[in-house]
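As a plain string of letters, each chain reads:
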Amino acid sequence: MLDKLKKRRTQYALGKTLPVSQAQVDSLIREAIRLSPSSFNSQSSRAVILFGKESDKFWNITKEALRAVVPAADFEGTSKKIDSFASGAGTVLFYEDQEPVQALQTNFPLYAHNFPIWSEHSTGMAQLAVWTALADAGIGASLQHYHPLVDAEAGKAWNIPASWKLTAQMPFGSNEAGFAEKTFIDDEVRFRTHA
């Protein structure tokens, strides 16, 4: 498992070519999310998997939402960044369904305040699982956060249930550039072991 985690890196230089079929990528994403843990086995994580023109549509929605809030003098850089995500083969939209979260809050009132937090943990684990699985298949990706700016338009475009809360977006595609060496802070700062 650790060798797979070592492959997971942020890739901004994406291309449209995938080393495996779209069907295989779709299956890989679904299985990674299906196998991800969730509190009380709530299975609250959801995903919308977009390929090709559907992925482009999402990044066009994002660009237009940003155009409304980014000063015109700064928009060129923003536009180029969004175009880099659109240059990939697809995008995963990660959601958390609030219905199972709210049901757990009702059924277990003692922990009610924790279930939204645990739902965030679930989506984070699903995102890492998908990102790692993509990297292991030779597919580059990065994790983006353009919600809530895009929520309403994305919801309309793909008929997203009102109970689904958008948590992240993951553009993916071929690795069109290498990776810089990854550095780590000192273990003494990060870890404590007591035995």
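From a predicted model like this one, the values you see are computed outputs, not experimental measurements.

Draft legend 1. Main features of a nonpolar patch on the surface. On the surface, Met1, Leu2, Leu5 and Leu128 cluster together into a nonpolar patch covering about 400 Å² of accessible area. Of note, Leu5 is situated in helix α1 (residues 2-7). For Leu5, a relative accessible area of 30% puts it in the partly exposed group.

Draft legend 2. Expanded view of the environment of Ala129. Relative to the assigned elements, Ala129 resides in helix α6 (residues 115-136). In this structure, Ala129 is in contact with Ala32 and Ser36, ignoring residues within four places of it in sequence.

Draft legend 3. Seen up close, the packing of helix α2 (residues 22-34) against α6. Remark: α2 packs on α6, axes separated minimally by 8 Å, with the N-to-C direction vectors making an angle of 145 degrees. Every pair of crossing elements has a handedness; the one defined by α2 and α6 is right-handed. Contacts between α2 and α6 pair Val25, Leu28, Ile29, Ala32 and Ile33 from the former with Ala126, Ala129, Val130, Ala133 and Leu134 from the latter. For the contact of α2 with α6, the class distribution of residues is 10 nonpolar, no polar and no charged.

Draft legend 4. Expanded view of the environment of Leu104. Tracing the sequence through the fold places Leu104 in helix α5 (residues 98-107). Counting along the chain gives 49 residues from Leu104 to Glu153, while the straight-line C-alpha distance between them is 29 Å. Contacts of Leu104, omitting those with residues within four sequence positions, involve Ser39, Phe40, Ser42 and Phe115.

Draft legend 5. Inspection of the packing of aromatic side chains at higher detail. Taken as a whole, this structure holds 15 aromatic pairs when the rule is applied. Taking the centre distance of 4.8 Å and the plane angle of 80 degrees together, the rings of Phe58 and Trp59 count as edge-to-face. Assessed through its relative accessible area of 1%, Trp59 is described here as buried. Of the aromatic side chains, those joined through ring pairs into one cluster are Tyr12, Phe58, Trp59, Phe85, Tyr146 and Trp158. When the ring centre of Trp131 is taken as origin, the NZ or CZ atom of Arg8, which lies over that ring, is 4.3 Å away.

Conventions used here
- Residues numbered from 1 in each chain as written.
- Predicted model: local features only at pLDDT ≥ 70, side-chain atom pairs only at ≥ 80, totals over all residues.
- Heavy atoms only, no water.
- Patch = residues over 30% accessible without salt bridge, like charges linked within 9 Å, V, L, I, M, F, W, Y side chains within 5 Å.
- Areas by Shrake-Rupley, 256 points an atom, 1.4 Å probe, with all protein chains shown as cover.
- Salt bridge = Lys/Arg side-chain N within 4 Å of Asp/Glu carboxyl O.
- Helix = DSSP H or I, 4+ residues; strand = E, 2+ residues; numbered from the N terminus.
- Buried < 20%, exposed > 50% of the residue type's maximum accessible area, 1.4 Å probe, protein only.
- Contact = heavy atoms within 4.5 Å.
- Axes fitted to C-alpha atoms, helices over the stretch in contact; angles between N-to-C directions.
- Left-handed = near helix turned anticlockwise from the far one by under 90°.
- Nonpolar A, V, L, I, M, F, W, Y, C, P; charged D, E, K, R; others polar.
- Phe/Tyr/Trp six-rings, centres within 6.5 Å; stacked < 30°, edge-to-face > 60°.
- Lys NZ or Arg CZ within 6 Å of the ring centre and 35° of its normal.

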